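# Working through the structure, step by step
Okay, here's what each chain looks like letter by letter:
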Amino acid sequence: MEAYEKGVNMSIGYACLVVGVPNTSIKRLKKDNISEDKLKEVILFNLHSLENIIDYNIKNNIKLFRISSDIIPFGSSPINNLKWWDIFEKELSNIGKKIRDNSIRVSMHPGQYSVLNSLKKEVVDNTIKDLEYHARFLESLKVDESNKIILHVGGVYNDKQEAKERFINNYNKLSFDIKKRLVIENDDRSFNIKDVLEISNITGAPVIYDNLHNFLNKSTDVFNDYEWIMKCSKTWKENDGKQKIHYSQQEENKKNGSHSKTIYTPKFLDFMTSLYNVDIDIMLEVKDKNLSATKCINILNSSGKIETLEKEWARYKYSVLEKSSSNYHKIRQLLKDKDKYPVKKFYLLIEEALDKKTRKGSAINAIEHVYGYFKKVILEKEKQQYMLKLSKFKKDILSLDSFKKYLNKLAIKYNVKYLIESYYFSI
DNA sequence: TGACGTCAAGATCCG
DNA sequence: CGGATCTTGACGTCA
(Lines give C-alpha, C1' and ligand atoms only; values in the text may rest on other atoms or scores of the structure.)
Protein backbone atom coordinates (compact mmCIF):
# COMPACT_ATOMS: atom_id res chain seq x y z
CA MET A 1 0.00 0.00 0.00
CA GLU A 2 2.89 2.27 0.85
CA ALA A 3 4.13 2.23 -2.71
CA TYR A 4 1.53 4.59 -4.11
CA GLU A 5 0.57 6.57 -1.07
CA LYS A 6 2.42 9.60 -2.33
CA GLY A 7 0.34 9.60 -5.48
CA VAL A 8 -2.55 10.86 -3.45
CA ASN A 9 -3.24 13.58 -6.01
CA MET A 10 -3.50 11.04 -8.75
CA SER A 11 -6.80 11.07 -10.57
CA ILE A 12 -8.49 7.98 -11.91
CA GLY A 13 -11.24 8.27 -14.46
CA TYR A 14 -13.35 6.61 -17.12
CA ALA A 15 -14.46 7.20 -20.67
CA CYS A 16 -17.60 8.64 -22.23
CA LEU A 17 -20.46 6.72 -20.67
CA VAL A 18 -21.81 6.19 -17.19
CA VAL A 19 -23.23 2.93 -15.96
CA GLY A 20 -26.31 2.92 -13.77
CA VAL A 21 -26.98 6.64 -13.51
CA PRO A 22 -30.26 7.97 -14.92
CA ASN A 23 -30.33 10.81 -17.46
CA THR A 24 -26.74 10.50 -18.60
CA SER A 25 -27.14 8.94 -22.03
CA ILE A 26 -25.69 10.47 -25.18
CA LYS A 27 -27.91 10.39 -28.26
CA ARG A 28 -26.83 10.06 -31.85
CA LEU A 29 -28.51 10.82 -35.13
CA LYS A 30 -28.44 9.15 -38.48
CA LYS A 31 -27.48 11.17 -41.50
CA ASP A 32 -30.78 10.69 -43.28
CA ASN A 33 -32.74 11.94 -40.33
CA ILE A 34 -31.22 15.34 -39.76
CA SER A 35 -32.81 18.72 -39.48
CA GLU A 36 -31.74 21.86 -37.70
CA ASP A 37 -34.39 21.35 -35.06
CA LYS A 38 -33.46 17.73 -34.54
CA LEU A 39 -29.80 18.67 -34.18
CA LYS A 40 -30.56 21.38 -31.65
CA GLU A 41 -32.80 19.05 -29.73
CA VAL A 42 -30.16 16.32 -29.50
CA ILE A 43 -27.34 18.72 -28.65
CA LEU A 44 -29.36 20.18 -25.80
CA PHE A 45 -30.28 16.69 -24.61
CA ASN A 46 -26.61 15.63 -24.68
CA LEU A 47 -25.45 18.73 -22.83
CA HIS A 48 -27.98 18.02 -20.11
CA SER A 49 -26.62 14.49 -19.92
CA LEU A 50 -23.06 15.79 -19.76
CA GLU A 51 -24.00 18.10 -16.92
CA ASN A 52 -25.54 15.16 -15.07
CA ILE A 53 -22.39 13.13 -15.66
CA ILE A 54 -20.22 15.93 -14.30
CA ASP A 55 -22.54 16.22 -11.29
CA TYR A 56 -22.19 12.49 -10.73
CA ASN A 57 -18.40 12.73 -10.99
CA ILE A 58 -18.33 15.58 -8.51
CA LYS A 59 -20.51 13.70 -6.08
CA ASN A 60 -18.36 10.58 -6.38
CA ASN A 61 -15.04 12.39 -6.33
CA ILE A 62 -14.04 11.25 -9.82
CA LYS A 63 -11.66 13.85 -11.20
CA LEU A 64 -10.91 12.51 -14.63
CA PHE A 65 -13.38 12.01 -17.45
CA ARG A 66 -13.35 11.58 -21.23
CA ILE A 67 -16.14 13.39 -23.01
CA SER A 68 -17.77 11.42 -25.81
CA SER A 69 -17.04 12.65 -29.33
CA ASP A 70 -20.74 12.14 -30.01
CA ILE A 71 -21.63 15.00 -27.70
CA ILE A 72 -22.28 17.21 -30.76
CA PRO A 73 -23.73 14.98 -33.50
CA PHE A 74 -21.75 15.38 -36.72
CA GLY A 75 -19.62 17.93 -34.93
CA SER A 76 -17.04 17.97 -37.70
CA SER A 77 -19.34 17.47 -40.67
CA PRO A 78 -20.80 20.15 -42.95
CA ILE A 79 -24.16 18.46 -42.36
CA ASN A 80 -24.10 20.22 -39.04
CA ASN A 81 -23.43 23.89 -39.70
CA LEU A 82 -24.97 25.11 -36.47
CA LYS A 83 -22.94 27.52 -34.40
CA TRP A 84 -23.60 25.30 -31.40
CA TRP A 85 -20.92 27.03 -29.33
CA ASP A 86 -22.97 30.25 -29.64
CA ILE A 87 -26.41 28.73 -29.41
CA PHE A 88 -25.61 26.75 -26.29
CA GLU A 89 -23.11 29.12 -24.77
CA LYS A 90 -25.02 29.28 -21.52
CA GLU A 91 -25.17 25.51 -21.09
CA LEU A 92 -21.55 25.04 -22.12
CA SER A 93 -20.15 27.66 -19.81
CA ASN A 94 -22.27 26.33 -16.99
CA ILE A 95 -20.81 22.84 -17.47
CA GLY A 96 -17.33 24.29 -17.90
CA LYS A 97 -17.63 26.16 -14.65
CA LYS A 98 -18.57 23.00 -12.78
CA ILE A 99 -15.60 21.20 -14.31
CA ARG A 100 -13.17 23.96 -13.40
CA ASP A 101 -14.58 24.67 -9.96
CA ASN A 102 -14.23 21.03 -9.01
CA SER A 103 -10.78 20.49 -10.50
CA ILE A 104 -12.04 17.89 -12.89
CA ARG A 105 -9.82 17.15 -15.87
CA VAL A 106 -11.57 16.24 -19.10
CA SER A 107 -10.35 14.92 -22.41
CA MET A 108 -11.63 13.84 -25.79
CA HIS A 109 -10.53 11.05 -28.10
CA PRO A 110 -11.40 11.15 -31.81
CA GLY A 111 -12.11 7.68 -33.15
CA GLN A 112 -9.99 5.32 -35.22
CA TYR A 113 -11.29 6.92 -38.39
CA SER A 114 -9.54 10.20 -37.83
CA VAL A 115 -6.22 9.58 -39.52
CA LEU A 116 -3.81 12.47 -39.68
CA ASN A 117 -1.17 10.58 -41.68
CA SER A 118 -3.49 9.23 -44.36
CA LEU A 119 -2.35 9.08 -47.98
CA LYS A 120 -5.61 10.67 -49.01
CA LYS A 121 -5.82 14.42 -48.76
CA GLU A 122 -9.55 14.25 -48.15
CA VAL A 123 -9.06 12.00 -45.13
CA VAL A 124 -6.42 14.32 -43.70
CA ASP A 125 -8.68 17.33 -44.27
CA ASN A 126 -11.55 15.60 -42.51
CA THR A 127 -9.26 14.65 -39.66
CA ILE A 128 -8.20 18.26 -39.22
CA LYS A 129 -11.85 19.31 -39.21
CA ASP A 130 -12.48 16.67 -36.56
CA LEU A 131 -9.61 17.94 -34.44
CA GLU A 132 -10.92 21.47 -34.84
CA TYR A 133 -14.29 20.30 -33.60
CA HIS A 134 -12.80 18.61 -30.54
CA ALA A 135 -10.62 21.61 -29.74
CA ARG A 136 -13.58 23.92 -30.13
CA PHE A 137 -15.67 21.84 -27.78
CA LEU A 138 -13.04 21.95 -25.05
CA GLU A 139 -12.52 25.64 -25.74
CA SER A 140 -16.25 26.24 -25.35
CA LEU A 141 -16.00 24.84 -21.83
CA LYS A 142 -13.16 27.29 -21.16
CA VAL A 143 -10.98 24.54 -19.77
CA ASP A 144 -7.23 24.98 -20.05
CA GLU A 145 -4.78 23.06 -22.23
CA SER A 146 -4.19 20.33 -19.66
CA ASN A 147 -7.54 19.06 -20.91
CA LYS A 148 -6.30 16.98 -23.81
CA ILE A 149 -7.28 15.53 -27.16
CA ILE A 150 -5.85 12.04 -27.64
CA LEU A 151 -4.97 10.77 -31.10
CA HIS A 152 -3.38 7.68 -32.58
CA VAL A 153 -0.74 8.07 -35.24
CA GLY A 154 -2.73 6.31 -37.96
CA GLY A 155 -1.92 3.81 -40.69
CA VAL A 156 1.43 2.38 -41.82
CA TYR A 157 0.82 2.01 -45.58
CA ASN A 158 3.72 -0.41 -46.00
CA ASP A 159 6.29 2.18 -44.97
CA LYS A 160 6.38 3.10 -41.34
CA GLN A 161 9.12 5.69 -41.68
CA GLU A 162 7.23 7.58 -44.37
CA ALA A 163 4.02 7.24 -42.40
CA LYS A 164 5.70 8.81 -39.38
CA GLU A 165 7.04 11.65 -41.46
CA ARG A 166 3.62 12.30 -42.94
CA PHE A 167 2.21 12.46 -39.43
CA ILE A 168 4.87 14.94 -38.38
CA ASN A 169 4.37 17.13 -41.45
CA ASN A 170 0.64 17.26 -40.97
CA TYR A 171 1.01 17.81 -37.25
CA ASN A 172 3.16 20.85 -37.93
CA LYS A 173 0.40 22.36 -40.05
CA LEU A 174 -2.16 22.20 -37.25
CA SER A 175 -3.33 25.35 -35.54
CA PHE A 176 -2.01 26.21 -32.10
CA ASP A 177 -5.45 25.68 -30.57
CA ILE A 178 -5.23 22.03 -31.60
CA LYS A 179 -1.52 21.51 -30.96
CA LYS A 180 -1.67 22.82 -27.43
CA ARG A 181 -4.11 20.01 -26.56
CA LEU A 182 -3.00 17.21 -28.83
CA VAL A 183 -1.36 14.17 -27.26
CA ILE A 184 -0.46 10.93 -29.01
CA GLU A 185 -0.96 7.35 -27.91
CA ASN A 186 0.56 3.99 -28.83
CA ASP A 187 -1.89 1.70 -30.60
CA ASP A 188 -2.34 -2.06 -30.59
CA ARG A 189 -1.04 -2.92 -34.05
CA SER A 190 0.77 -0.16 -35.94
CA PHE A 191 2.70 2.37 -33.89
CA ASN A 192 4.24 1.04 -30.71
CA ILE A 193 5.34 3.17 -27.80
CA LYS A 194 8.86 3.62 -29.15
CA ASP A 195 7.47 4.88 -32.47
CA VAL A 196 5.22 7.32 -30.68
CA LEU A 197 8.05 8.60 -28.48
CA GLU A 198 10.13 9.19 -31.59
CA ILE A 199 7.34 11.25 -33.11
CA SER A 200 6.93 13.12 -29.86
CA ASN A 201 10.60 13.91 -29.85
CA ILE A 202 10.16 15.84 -33.07
CA THR A 203 6.67 17.29 -32.66
CA GLY A 204 6.77 17.95 -28.94
CA ALA A 205 3.37 16.29 -28.46
CA PRO A 206 3.08 14.58 -25.06
CA VAL A 207 2.70 10.80 -25.10
CA ILE A 208 -0.02 8.69 -23.52
CA TYR A 209 1.20 5.23 -22.60
CA ASP A 210 -1.42 2.52 -23.02
CA ASN A 211 -0.43 -0.65 -21.17
CA LEU A 212 -2.64 -3.08 -23.10
CA HIS A 213 -1.67 -1.65 -26.48
CA ASN A 214 1.95 -1.99 -25.46
CA PHE A 215 1.38 -5.57 -24.41
CA LEU A 216 -0.13 -6.38 -27.80
CA ASN A 217 2.23 -4.28 -29.90
CA LYS A 218 5.63 -4.26 -28.30
CA SER A 219 8.66 -2.31 -29.32
CA THR A 220 11.86 -4.22 -30.00
CA ASP A 221 13.30 -2.38 -27.00
CA VAL A 222 12.18 -4.30 -23.96
CA PHE A 223 11.13 -2.12 -21.07
CA ASN A 224 8.47 -2.68 -18.47
CA ASP A 225 5.42 -0.49 -17.86
CA TYR A 226 7.20 1.61 -15.29
CA GLU A 227 10.17 2.25 -17.54
CA TRP A 228 8.02 3.27 -20.49
CA ILE A 229 5.97 5.53 -18.27
CA MET A 230 9.16 7.18 -17.09
CA LYS A 231 10.23 7.75 -20.67
CA CYS A 232 6.84 9.22 -21.51
CA SER A 233 6.91 11.49 -18.47
CA LYS A 234 9.57 13.60 -20.15
CA THR A 235 7.15 14.49 -22.93
CA TRP A 236 4.73 16.19 -20.53
CA LYS A 237 5.50 19.84 -19.96
CA GLU A 238 4.17 22.04 -17.21
CA ASN A 239 1.21 23.46 -19.14
CA ASP A 240 0.20 19.97 -20.22
CA GLY A 241 -0.79 19.07 -16.70
CA LYS A 242 -0.04 15.81 -14.99
CA GLN A 243 1.20 12.93 -17.10
CA LYS A 244 -1.64 10.68 -18.18
CA ILE A 245 -1.78 7.03 -19.13
CA HIS A 246 -4.44 4.63 -20.28
CA TYR A 247 -4.90 1.46 -18.29
CA SER A 248 -6.94 -1.55 -19.31
CA GLN A 249 -7.05 -5.30 -18.93
CA GLN A 250 -7.63 -7.90 -21.60
CA GLU A 251 -11.02 -9.62 -21.44
CA GLU A 252 -10.20 -13.31 -21.23
CA ASN A 253 -11.38 -15.49 -24.12
CA LYS A 254 -12.04 -12.48 -26.28
CA LYS A 255 -10.18 -10.97 -29.16
CA ASN A 256 -6.88 -9.29 -28.37
CA GLY A 257 -7.51 -5.74 -27.28
CA SER A 258 -11.02 -6.32 -25.95
CA HIS A 259 -11.39 -4.44 -22.73
CA SER A 260 -12.38 -6.39 -19.65
CA LYS A 261 -15.84 -6.16 -18.09
CA THR A 262 -14.35 -4.71 -14.96
CA ILE A 263 -10.92 -3.84 -13.61
CA TYR A 264 -9.74 -6.81 -11.57
CA THR A 265 -8.26 -5.27 -8.49
CA PRO A 266 -5.43 -7.73 -7.70
CA LYS A 267 -3.99 -7.19 -11.18
CA PHE A 268 -4.51 -3.45 -10.90
CA LEU A 269 -2.75 -3.34 -7.53
CA ASP A 270 0.19 -5.29 -8.96
CA PHE A 271 0.41 -2.75 -11.73
CA MET A 272 0.25 0.17 -9.33
CA THR A 273 2.84 -1.33 -7.07
CA SER A 274 5.16 -1.80 -10.03
CA LEU A 275 4.94 1.95 -10.67
CA TYR A 276 6.19 2.87 -7.18
CA ASN A 277 4.87 6.29 -6.33
CA VAL A 278 4.84 7.87 -9.76
CA ASP A 279 2.39 10.74 -9.84
CA ILE A 280 0.15 10.29 -12.89
CA ASP A 281 -3.47 10.40 -13.98
CA ILE A 282 -5.00 7.12 -15.08
CA MET A 283 -7.78 6.78 -17.62
CA LEU A 284 -9.42 3.39 -17.32
CA GLU A 285 -10.77 1.75 -20.43
CA VAL A 286 -13.25 -0.80 -19.22
CA LYS A 287 -16.83 -1.85 -19.84
CA ASP A 288 -18.17 -1.00 -16.40
CA LYS A 289 -16.80 2.55 -16.65
CA ASN A 290 -17.53 4.60 -13.49
CA LEU A 291 -17.93 1.44 -11.42
CA SER A 292 -14.32 0.50 -11.95
CA ALA A 293 -13.20 4.09 -11.48
CA THR A 294 -14.85 4.21 -8.07
CA LYS A 295 -13.46 0.80 -7.23
CA CYS A 296 -9.89 1.75 -8.14
CA ILE A 297 -10.13 5.04 -6.28
CA ASN A 298 -11.39 3.25 -3.18
CA ILE A 299 -8.81 0.52 -3.33
CA LEU A 300 -5.92 3.00 -3.43
CA ASN A 301 -7.31 5.03 -0.57
CA SER A 302 -5.18 4.11 2.41
CA SER A 303 -7.32 6.12 4.82
CA GLY A 304 -10.71 4.88 3.63
CA LYS A 305 -13.69 4.45 5.90
CA ILE A 306 -16.12 1.59 6.20
CA GLU A 307 -18.95 3.94 5.14
CA THR A 308 -17.48 4.04 1.66
CA LEU A 309 -17.71 0.28 1.40
CA GLU A 310 -21.18 0.24 2.86
CA LYS A 311 -22.28 2.67 0.20
CA GLU A 312 -20.73 0.50 -2.48
CA TRP A 313 -22.30 -2.58 -0.96
CA ALA A 314 -25.74 -1.00 -1.17
CA ARG A 315 -25.24 -0.66 -4.91
CA TYR A 316 -23.67 -4.06 -5.57
CA LYS A 317 -25.56 -6.30 -3.19
CA TYR A 318 -28.36 -7.58 -5.43
CA SER A 319 -25.96 -8.26 -8.28
CA VAL A 320 -23.87 -10.31 -5.87
CA LEU A 321 -26.90 -12.08 -4.44
CA GLU A 322 -27.98 -12.96 -7.96
CA LYS A 323 -24.72 -14.80 -8.52
CA SER A 324 -23.59 -16.08 -5.19
CA SER A 325 -25.41 -16.08 -1.91
CA SER A 326 -22.26 -17.44 -0.32
CA ASN A 327 -20.25 -14.34 -1.23
CA TYR A 328 -23.22 -12.21 -0.26
CA HIS A 329 -23.02 -13.54 3.27
CA LYS A 330 -19.25 -13.33 3.38
CA ILE A 331 -19.39 -9.64 2.49
CA ARG A 332 -22.06 -8.93 5.08
CA GLN A 333 -19.82 -10.58 7.60
CA LEU A 334 -16.83 -8.61 6.36
CA LEU A 335 -18.56 -5.28 6.83
CA LYS A 336 -19.55 -5.92 10.45
CA ASP A 337 -16.39 -4.48 11.93
CA LYS A 338 -16.98 -0.74 11.65
CA ASP A 339 -13.41 0.23 12.48
CA LYS A 340 -11.78 -1.54 9.58
CA TYR A 341 -11.54 -0.82 5.87
CA PRO A 342 -11.23 -4.28 4.27
CA VAL A 343 -11.32 -2.86 0.78
CA LYS A 344 -9.22 -5.50 -1.00
CA LYS A 345 -11.18 -8.42 0.37
CA PHE A 346 -14.43 -6.60 -0.31
CA TYR A 347 -13.83 -6.06 -4.01
CA LEU A 348 -12.26 -9.46 -4.43
CA LEU A 349 -15.44 -11.09 -3.16
CA ILE A 350 -17.52 -8.91 -5.46
CA GLU A 351 -15.37 -9.65 -8.50
CA GLU A 352 -15.43 -13.34 -7.72
CA ALA A 353 -19.21 -13.35 -7.37
CA LEU A 354 -19.92 -11.34 -10.51
CA ASP A 355 -17.75 -13.69 -12.56
CA LYS A 356 -19.93 -16.64 -11.68
CA LYS A 357 -22.65 -17.86 -13.98
CA THR A 358 -26.15 -16.86 -12.92
CA ARG A 359 -28.19 -19.78 -11.70
CA LYS A 360 -31.93 -19.54 -11.83
CA GLY A 361 -32.46 -20.19 -8.14
CA SER A 362 -30.20 -17.38 -7.00
CA ALA A 363 -31.59 -15.06 -9.66
CA ILE A 364 -35.08 -15.64 -8.27
CA ASN A 365 -33.79 -15.05 -4.79
CA ALA A 366 -32.44 -11.65 -5.82
CA ILE A 367 -35.62 -10.82 -7.71
CA GLU A 368 -37.69 -11.55 -4.63
CA HIS A 369 -35.48 -9.36 -2.49
CA VAL A 370 -35.90 -6.53 -4.96
CA TYR A 371 -39.62 -7.11 -5.29
CA GLY A 372 -39.88 -6.69 -1.54
CA TYR A 373 -39.33 -2.95 -1.99
CA PHE A 374 -42.62 -2.36 -3.73
CA LYS A 375 -44.66 -5.35 -2.82
CA LYS A 376 -46.82 -3.24 -0.53
CA VAL A 377 -47.22 -0.18 -2.71
CA ILE A 378 -47.86 -1.49 -6.19
CA LEU A 379 -51.25 -1.86 -7.84
CA GLU A 380 -53.06 -5.18 -7.92
CA LYS A 381 -52.59 -5.22 -11.69
CA GLU A 382 -48.82 -4.89 -11.30
CA LYS A 383 -48.74 -7.56 -8.65
CA GLN A 384 -50.41 -9.94 -11.07
CA GLN A 385 -48.02 -8.89 -13.84
CA TYR A 386 -45.13 -9.65 -11.54
CA MET A 387 -46.49 -13.07 -10.64
CA LEU A 388 -47.06 -13.89 -14.29
CA LYS A 389 -43.52 -12.80 -15.22
CA LEU A 390 -42.07 -14.78 -12.36
CA SER A 391 -43.78 -17.97 -13.48
CA LYS A 392 -42.72 -17.31 -17.07
CA PHE A 393 -39.17 -16.80 -15.94
CA LYS A 394 -39.28 -20.07 -14.02
CA LYS A 395 -40.50 -21.81 -17.18
CA ASP A 396 -37.71 -20.22 -19.25
CA ILE A 397 -40.07 -18.30 -21.48
CA LEU A 398 -39.01 -14.91 -20.13
CA SER A 399 -35.40 -13.81 -20.01
CA LEU A 400 -33.79 -12.51 -16.85
CA ASP A 401 -32.96 -9.26 -18.63
CA SER A 402 -36.57 -8.62 -19.54
CA PHE A 403 -37.70 -9.41 -16.04
CA LYS A 404 -35.16 -7.01 -14.60
CA LYS A 405 -36.20 -4.32 -17.04
CA TYR A 406 -39.72 -4.63 -15.71
CA LEU A 407 -38.51 -4.38 -12.12
CA ASN A 408 -36.45 -1.35 -13.07
CA LYS A 409 -39.57 0.28 -14.47
CA LEU A 410 -41.38 -0.32 -11.22
CA ALA A 411 -38.44 1.06 -9.25
CA ILE A 412 -38.55 4.25 -11.27
CA LYS A 413 -42.34 4.54 -11.14
CA TYR A 414 -42.41 4.23 -7.37
CA ASN A 415 -39.19 6.19 -7.01
CA VAL A 416 -37.41 3.61 -4.89
CA LYS A 417 -34.11 5.44 -4.55
CA TYR A 418 -32.22 2.51 -3.08
CA LEU A 419 -32.98 0.43 -6.15
CA ILE A 420 -32.59 3.18 -8.71
CA GLU A 421 -29.06 3.76 -7.46
CA SER A 422 -28.31 0.06 -7.39
CA TYR A 423 -26.10 -1.54 -10.02
CA TYR A 424 -28.51 -4.48 -10.15
CA PHE A 425 -30.21 -3.15 -13.27
CA SER A 426 -27.04 -2.22 -15.10
CA ILE A 427 -24.45 -4.96 -14.70
C1' DT B 1 -14.85 -7.30 -50.11
C1' DG B 2 -15.42 -7.72 -45.38
C1' DA B 3 -13.54 -7.44 -40.61
C1' DC B 4 -12.48 -4.43 -37.22
C1' DG B 5 -15.25 -1.57 -32.78
C1' DT B 6 -18.95 0.92 -30.87
C1' DC B 7 -23.66 1.70 -29.35
C1' DA B 8 -27.95 3.74 -30.14
C1' DA B 9 -31.30 4.63 -33.91
C1' DG B 10 -34.21 2.44 -36.68
C1' DA B 11 -36.44 -1.66 -38.44
C1' DT B 12 -38.65 -5.72 -37.81
C1' DC B 13 -40.54 -9.39 -35.33
C1' DC B 14 -43.47 -11.36 -31.75
C1' DG B 15 -47.15 -12.21 -28.57
C1' DC C 1 -49.88 -2.15 -29.57
C1' DG C 2 -45.83 -2.38 -26.74
C1' DG C 3 -41.86 -4.63 -25.99
C1' DA C 4 -38.08 -7.56 -27.48
C1' DT C 5 -34.61 -8.42 -30.73
C1' DC C 6 -32.13 -7.85 -34.97
C1' DT C 7 -29.77 -4.73 -38.31
C1' DT C 8 -27.61 -0.63 -39.66
C1' DG C 9 -24.74 3.39 -39.66
C1' DA C 10 -20.45 6.10 -39.77
C1' DC C 11 -15.79 6.13 -40.24
C1' DG C 12 -10.46 4.34 -42.68
C1' DT C 13 -7.15 0.70 -42.93
C1' DC C 14 -5.67 -3.65 -43.93
C1' DA C 15 -5.82 -8.66 -44.88
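Refer to the preceding data block for the structure.
Residues numbered from 1 in each chain as written. Chains lettered and ligands numbered in written order. Predicted model: local features only at pLDDT ≥ 70, side-chain atom pairs only at ≥ 80, totals over all residues. Heavy atoms only, no water.

### With respect to the protein's contact with DNA strand C
DNA strand C sits among 15 residues. The nearest are R28, K31, Y113, V156 and Y157. A distance of 2.6 Å separates a phosphate oxygen of DNA strand C from a polar backbone atom of K31. V156 is positioned with one of its backbone polar atoms (N or O) 2.7 Å from a phosphate oxygen of DNA strand C. Residue composition of the surface near DNA strand C, by class: six nonpolar, three polar and six charged. (Near = heavy atom within 4 Å. Polar contact = N/O pair within 3.5 Å; in protein donor to acceptor, adjacent residues only side chain to side chain. Nonpolar A, V, L, I, M, F, W, Y, C, P; charged D, E, K, R; others polar.)

### Describing the pairing of strand β5 (residues 182–185)
Across the two faces of β5 the burial is the same, with L182 and I184 and V183 and E185 all buried. Pairing of strand β4 (residues 149–152) with β5, which is carried by four bridges, proceeds in the parallel orientation. Note that in β5 the partner of I150 across the bridge is V183. Where β5 and strand β6 (residues 207–210) come together, two bridges link them in parallel fashion. Across the sheet, the residue bridging to I184 is V207, located in β6. (Buried < 20%, exposed > 50% of the residue type's maximum accessible area, 1.4 Å probe, protein only. Helix = DSSP H or I, 4+ residues; strand = E, 2+ residues; numbered from the N terminus. Pairing = 2+ DSSP bridges.)

### Looking at the pairing of strand β1 (residues 12–15)
Note on strand geometry: in a regular strand, side chains alternate between the two faces of the sheet. For β1 and strand β8 (residues 281–284), the ladder comprises two bridges, and the chain directions are parallel. From the neighbouring strand, I12 faces β8, where its bridge partner is I282. Relative to strand β2 (residues 64–67), β1 runs parallel, the two being bridged by three bridges. When the sheet's bridge partners are listed, G13 is paired in β2 with L64. A crossover connection joins β1 to the parallel β2 through helix α1 (residues 36–59); in handedness this β-α-β unit is right-handed. (Right-handed = clockwise from strand over helix to strand, strands pointing away.)

### Some words on unusual backbone geometry
Located in the positive-phi region is N158, a residue other than glycine, with phi close to 65°. A residue is classified by how much of its surface remains accessible, and N158, at 84% relative accessible area, is exposed. Located in the positive-phi region is D396, a residue other than glycine, with phi close to 65°. When you line up the elements, D396 lands in the loop between α16 (380–394) and α17 (400–413).

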